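# Coordinate analysis (summary)
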Amino acid sequence: MQIEYKHDEVFRDGFHYANSPAAIRRFPFPFHEDQYMYSVNIEPHVAGPVGSVLEHPFDIDEHYIGECRERALVLEADPGRCQALPHMMAAQWDSLELMMTSLAASYPAQFGLRRDGARWHWHNRLLGIEQSFVFGDVQTLPYAPMEYIMRQVQGDWVLMDHRHDNLYMDAGVVTTQADWSLDFDLGMTFSEWHGPVPRVHEMGIIDRALKFLLNLQAGAPVRRLNWTMTVNPRLDTSPEQYPHWGADRSKVTADNAGELAHLRVELQTLFRLPRSHAIGFGVRCYLISMNELATVPKWAARMHRVLRSLPDELADYKGLTRYRGAVIDWLSRFDDGRPLSNGT
Ligand code: HEM
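None of the values given here were measured: they were computed from a predicted structure. (Residues numbered from 1 in each chain as written. Predicted model: local features only at pLDDT ≥ 70, side-chain atom pairs only at ≥ 80, totals over all residues. Heavy atoms only, no water.)

Roughly 1,100 Å³ of internal volume is contained in the largest pocket. For the largest pocket, the lining is made up of 47 residues, of which Trp-180, His-194, Val-197, Asn-226 and Tyr-317 are closest to its centre. Listing elements by their share of the lining of the largest pocket, those giving two or more residues are β6 (156-163), α5 (182-185), α6 (190-193), α7 (205-214), β8 (222-231), β9 (261-272) and β10 (279-289). Ranked by the residues each element gives to the lining of the largest pocket, the list is headed by β8, at 7 residues. Considered class by class, the residues forming the lining of the largest pocket number 28 nonpolar, 9 polar and 10 charged. In this model, the second largest pocket occupies a volume close to 730 Å³. Along the walls of the second largest pocket sit 31 residues, with Phe-29, Pro-30, His-32, Leu-225 and Thr-344 positioned nearest its centre. Residue assignment for the lining of the second largest pocket shows that the elements contributing at least two residues are α1 (21-25) and β8. With 5 residues, the single largest contributor to the lining of the second largest pocket is β8. Considering only residue class, the lining of the second largest pocket consists of 17 nonpolar, 8 polar and 6 charged. (1 Å grid on protein atoms, 1.4 Å probe; cavity = no way out; pocket = protein on both sides within 12 Å on 5 of 7 lines; lining within 4 Å. Points joined across faces, edges and corners; volume = space filled by probe spheres on them. Helix = DSSP H or I, 4+ residues; strand = E, 2+ residues; numbered from the N terminus. Nonpolar A, V, L, I, M, F, W, Y, C, P; charged D, E, K, R; others polar.)

As structure tokens, then:
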């Protein structure tokens, strides 16, 4: 698929962001039914339809250049958004290898990788980067391997160490997250960092998900979708930046919700890494305004019903309480109450 890369997007105050009709068509709308509840919604991360966000292991889209620029800005202001405990170096190299080989195979016109033993040459034509380096030798790259590659990939990346039959969040580059903090969670176990999520512990979701992930095999990645909402097309809704975005939630009205309120969908992928036996967790964020979403009438009606029926506890955890009503009012004009077929 031919992608028209945008060069001038801004994901912070002064926002400049829109989805083309092609990007709207491939948006990973997550609701198959009129109600939503948490589940262990994991499936194999195999290639999906051509042109869809699932076509390749790592999806690159029209927002690539702006998202890489946004990551650089966040890291410049707050280097703590990239952290790695010392024992995670093998997993860092695993991550770099996984992403470079995958991007070069998926998008040969944009990314190139030549390998001669440990001597590698990487070419990123979209950002104009060429780099020769020795795989395994940190001194030959301008950043540590995980940071180097994550500055050139859309979405966040967390590395989990597998030990004592548990997963520990021991490294990551997290600059586009939905209100959680790598700095706070670093070193925690799977159930500890999921501590704040309502209902999932009683429903057994966290225990079942952990058990599944401990058996994850190299070469057989899996994925799941998660969602929330964000006011404005802001990628960095971290606790660290809360003073910059928290108050936006009180600005949404039934008149401006189409422009201000955005559905935020996370395509979460999990890869077992071959050398380190760590697990890499990708969180690829897709934003769509209610105006854009409503160009697909079924999505607008479905979104209306999901928001209306969402349990208060989940709405509260997702930070929707202050503006959920305004968005429901705005969406109501697209919902005539007739049954919608299952699926997106
Ligand atoms: C939050 C489930 C894997 C990190 C959540 C939420 C659910 C969930 C339901 C609440 C989301 C919301 O309402 O917006 C699962 C399941 C997993 C999984 C079923 C199985 C694959 C992971 C992994 C990580 C992770 C591998 C690694 C970083 C988080 C974090 C939060 C979260 C940081 C936010 C917690 C907070 O509020 O501080 N997860 N998750 N999850 N998940 Fe997971």
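A word on the coordination of the iron atom of the ligand. Under ideal tetrahedral coordination, the four donors around a metal are separated by 109.5 degrees; under ideal octahedral coordination, the six donors are separated by 90 or 180 degrees. Among all protein atoms, only His-194 (NE2) binds the iron atom of the ligand, sitting 2.0 Å from it. For His-194, the position within the fold is in the loop between α6 and α7. (Donors = N, O, S within 2.8 Å, 3.2 Å for Na, K, Ca; no water.)

A separate point is helix α13 (residues 324-332). Regarding α13, the residues found buried are Arg-324, Ala-326, Val-327, Ile-328, Trp-330 and Leu-331. Where α13 is buried, its residues meet β8, α9 (257-260), β9, α10 (290-293), α11 (297-309) and α12 (312-317). (Buried < 20%, exposed > 50% of the residue type's maximum accessible area, 1.4 Å probe, protein only. Contact = heavy atoms within 4.5 Å.)

Okay, the environment of Glu-70 next. Following the sequence through the fold, Glu-70 ends up in helix α2 (residues 64-77). Under the relative-accessibility criterion, Glu-70 is labelled buried at 3%. Separated by 61 residues in the primary sequence, Glu-70 and Glu-9 place their C-alpha atoms 9.0 Å from one another. Other than its neighbours up to four places away in sequence, Glu-70 contacts Phe-11, Arg-12, Leu-235 and Asp-236.

This paragraph deals with the pattern of salt bridges. Here the structure, examined in full by the defined rule, presents 24 salt bridges. With its nearest N and O atoms 3.8 Å apart, the salt bridge here joins Asp-78 to Arg-81. For Asp-78, a relative accessible area of 22% gives the class partly exposed. Note that Asp-248 is salt-bridged to Lys-251, the shortest N-O span being 3.0 Å. When its relative accessible area of 48% is taken as the criterion, Lys-251 is described as partly exposed. Among the charged side chains, a network of salt bridges with common partners joins Asp-13, Arg-234, Asp-248 and Lys-251. (Salt bridge = Lys/Arg side-chain N within 4 Å of Asp/Glu carboxyl O.)

Here strand β4 (residues 119-124) pairs with strand β5 (residues 129-134) via 6 bridges, running antiparallel. By the bridge assignment for β5, Arg-119 is matched with Val-134. A loop of 4 residues connects β4 with β5, the two strands running antiparallel in sequence, and Gly-128 in this loop sits at a positive phi of about 70 degrees. (Pairing = 2+ DSSP bridges.)

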